[in-house]
Every structure is written in structure tokens, then in C-alpha cells.
Amino acid sequence: MAAPCPEDPSLERHFKGHRDAVTCVDFSFNTKQLASGSMDSCLMLWHMKPQSRAYRFVGHKDAVTCVNFSPSGHLLASGSRDKTVRIWVPNVKGESTVFRAHTATVRSVHFCSDGQSLVTASDDKTVKVWSTHRQKFLFSLSQHINWVRCAKFSPDGRLIVSASDDKTVKLWDKTSRECVHSYCEHGSFVTYVDFHPSGTCIAAASMDNTVKVWDVRTHRLLQHYQLHSAAVNALSFHPSGNYLVTASSDSTLKILDLMEGRLLYTLHGHQGPATTVAFSRTGEYFASGGSDEQVMVWKSNFDVVDYGEIIKVQRPPTMLASSSGNLKWISPSHQAEAGVRSQCRASPRSPSACPRH
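What counts, and at which threshold
- Residues numbered from 1 in each chain as written.
- Predicted model: local features only at pLDDT ≥ 70, side-chain atom pairs only at ≥ 80, totals over all residues.
- Heavy atoms only, no water.
- UniProt positions renumbered as here; feature names shortened; annotations may be inferred.
- Helix = DSSP H or I, 4+ residues; strand = E, 2+ residues; numbered from the N terminus.
- Pairing = 2+ DSSP bridges.
- Axes fitted to C-alpha atoms, helices over the stretch in contact; angles between N-to-C directions.
- Salt bridge = Lys/Arg side-chain N within 4 Å of Asp/Glu carboxyl O.
- Buried < 20%, exposed > 50% of the residue type's maximum accessible area, 1.4 Å probe, protein only.

The chain appears in an unreviewed UniProt entry as POC1 centriolar protein homolog A from Equus przewalskii.

Visitor: How do you make sense of the UniProt feature "repeat: WD" (unreviewed entry) in the chain when you look at a structure like this?
Guide: Per the UniProt record, the feature "repeat: WD" (unreviewed entry) sits at residues 15–56, 57–88, 99–140, 141–182, 183–224, 225–266 and 267–299. Across residues 267–299, the secondary structure splits into 0% helix and 61% strand, with the terminal C-alpha atoms separated by 12 Å.

Visitor: Any chance you could explain the sheet that holds strand S13 (residues 137–141) here in plain terms?
Guide: Two orientations exist for strands paired in a sheet by backbone hydrogen bonds: parallel and antiparallel. Here four strands make up an open sheet; going across it, the order is S10-S11-S12-S13 and the pairing antiparallel. A single partner strand is all that each edge strand has here, and the edge strands are strand S10 (106–111) and S13. Pairs of neighbouring strands in the sheet enclose a mean axial angle of 20°, with direction left out of account. Two elements, S10 and strand S11 (residues 117–122), share five bridges in a ladder whose sense is antiparallel. From the neighbouring strand, Ser-108 faces S11, where its bridge partner is Ala-121.

Visitor: Looking at this model, I keep getting lost on the pattern of salt bridges. Mind explaining?
Guide: Here the idea is simple: oppositely charged side chains can pair when their charged atoms come close. Counting across every chain of the model gives nine salt bridges. Arg-81 serves as the salt-bridge partner of Asp-62, at 3.1 Å between the closest nitrogen and oxygen. Pair noted here: Asp-62 is in the loop between strand S5 (55–58) and strand S6 (64–69) and Arg-81 is in the loop between strand S7 (76–80) and strand S8 (84–88), with a separation of 19 residues, a long-range link. Given a relative accessible area of 36%, Arg-81 falls into the partly exposed group. Here Arg-107 ties to Asp-123 by a salt bridge, and the two come within 2.8 Å at their closest N and O atoms.

Pasting the structure below:
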């Protein structure tokens, strides 16, 4: 019996309120709130409940470059070109504490899964780790030789990964503070990096228009995607670990099926570069931001059925993830087959998705 076909992603809502390019987005853990930062120096807190009022948080003196909710959702961290990090209480009052985190632009901020520490990355070429509640400096990681664009904790909090304009991705052991490995395969600045939900892999986006996925245990390159026609600015794993969404300066978002190693969807919504993208913690939604000053919320839809069951019918087990969610090697010849299953166009005025091919 054939499995039902999942629906296509659809544009649910778009939020207007920023007065300059949107640089970052992040959902709260209960998906009730969506935070965004912008070159307009403001943070916006959007409520997913229709007709709810948005909050504008003012405090940074220059562009807001990054934003991240704490695991509990009670705190919101942001970084800025003003060299500071602010920790906000995400409610109507919008109270915040501020600390001078770096000597140059703060590009990235990310809470550890236990909520106790925070990792930041900066144009001062360093990665720094802080205690969340007292904003106390703990230690610095400083082997990059150019701007550090992004730094993230692994799901278990034991590792840190960082991406830099020195064209490398570095993997760090949080306890020893040593660099475990440097991934040097990108041909240009590495703009973004994140851990697979299983913690066994990382994906990195680059200005060389590519996305690469590595195994952090063997350091082997698992997948290499050359699908965008301009720089890839951000990416986000679906919580299932089966999908990856990317945002590019070619104005598109692309959804990749990591199990099959192919492109599922190309989404057209932003006018100009798509600068940021993030899945919600449940994977039901993903949000994107762009230089067009807009924040868009998309309904995933593609995970409404157990997609893994469909894959099992179509693909031999050797091409699938193991029960622990670890990605298997996909050969170059298989990567070359990655065709566009759906070229979906959507605009704020007319959200739509086209049928699968």
C-alpha cells in the first residue's frame, strides 16, 4: 500500500516591522514566540498567535546580528555590532542586562542545552564562553585567524563548533578547550555552522555557495551540496535530523532531504538575499528573514507523515540513517543526481506551493 504523499511547505505569515535588513531569527521552545534581529539595531518579538501585538526591544547601539532563546524560553540573548551581548526577558517590559563581550562585532550567540552557559563569536577572531546568569567570562578559544561568524554548542554541551572567514570550521572540546579538528574544505568564508540533532554531524554554509556535512567522530565529509547560485548565509536542521533548510543571497530557501542526499524544495519568497532561517523546536514551522526587511513564517508540512517509512520503501537500508539518527555516507554519484523535486514560489501576498514533480 502506497504511503500518503506529504504536502508542500506553505507560507503561513509574514511580519513587517523592521526598518532594515533582517539578520537573525529564532523560535522560543514552545513556538509561541519568534524573535528577530535587524540592521535597524532593534529586536522584534513576534507572537505566533494571530492578532497578537509584537514587541520592539531597543537597547543595542548598532545592528543586531544574532539572537537565541534560552532552553527554558525565559531569556533571550542577542549580539550586536556595538560589541555587546544583551540578555533580555522576553515580555512586554523588554528588560535586559548588557555586557561588553568582545572588542569587535558580535556575530553569534548560543545557549548551551543546560541553559547555564553561553557561547559567542566575534570579528575579534575569538570564541568566548560565559556563564548565563552572572554573565561571567569563563574562557576564550582563539585559533581562528579571521572573523568568527558563528559558534554553537553540541546538543550534549560537550563540544563547540565555530565557523570563520579564515575558511575553516573548527571543532572544540569544551572541557579541555582544545581544538579537536579543523575542517578546511571550503573555498571561501564559512558563514554558518550547526550540529545535527544527534550531535554526530555538523553542517556548514559558505560564501562559496555550498553546504557541507561532516561526521564529527571520523571527520569525514559526508555530503556536499552545490545547489545555490550565491552565498549560503544560514542553515537549520529539522529536529528529526532528516532535513536541512538553507538561506541564500540568491533570494531562495532550499530544503534538503539528508537521507536521500537530494534537494526537495526551492522556496521563493524574499525579494533580495535571504539572510537567515531557523526551524521551530517541533519542526512544524520554519522562519526566514531577508534584506527586504521581512520575517516570514512557513509551515513545514513535509513531516506530517512518517517520511522515514516512505524512504524505506524507495531506498535500500544502506542509504538510510541508523536507528541513532547518524547520517550514512552518500557517494558523489548519488549527490550528482540531486534534482529539484519542487520549485515552489510564494510571495507574502499570495502564499502558494506547487505540487511535487
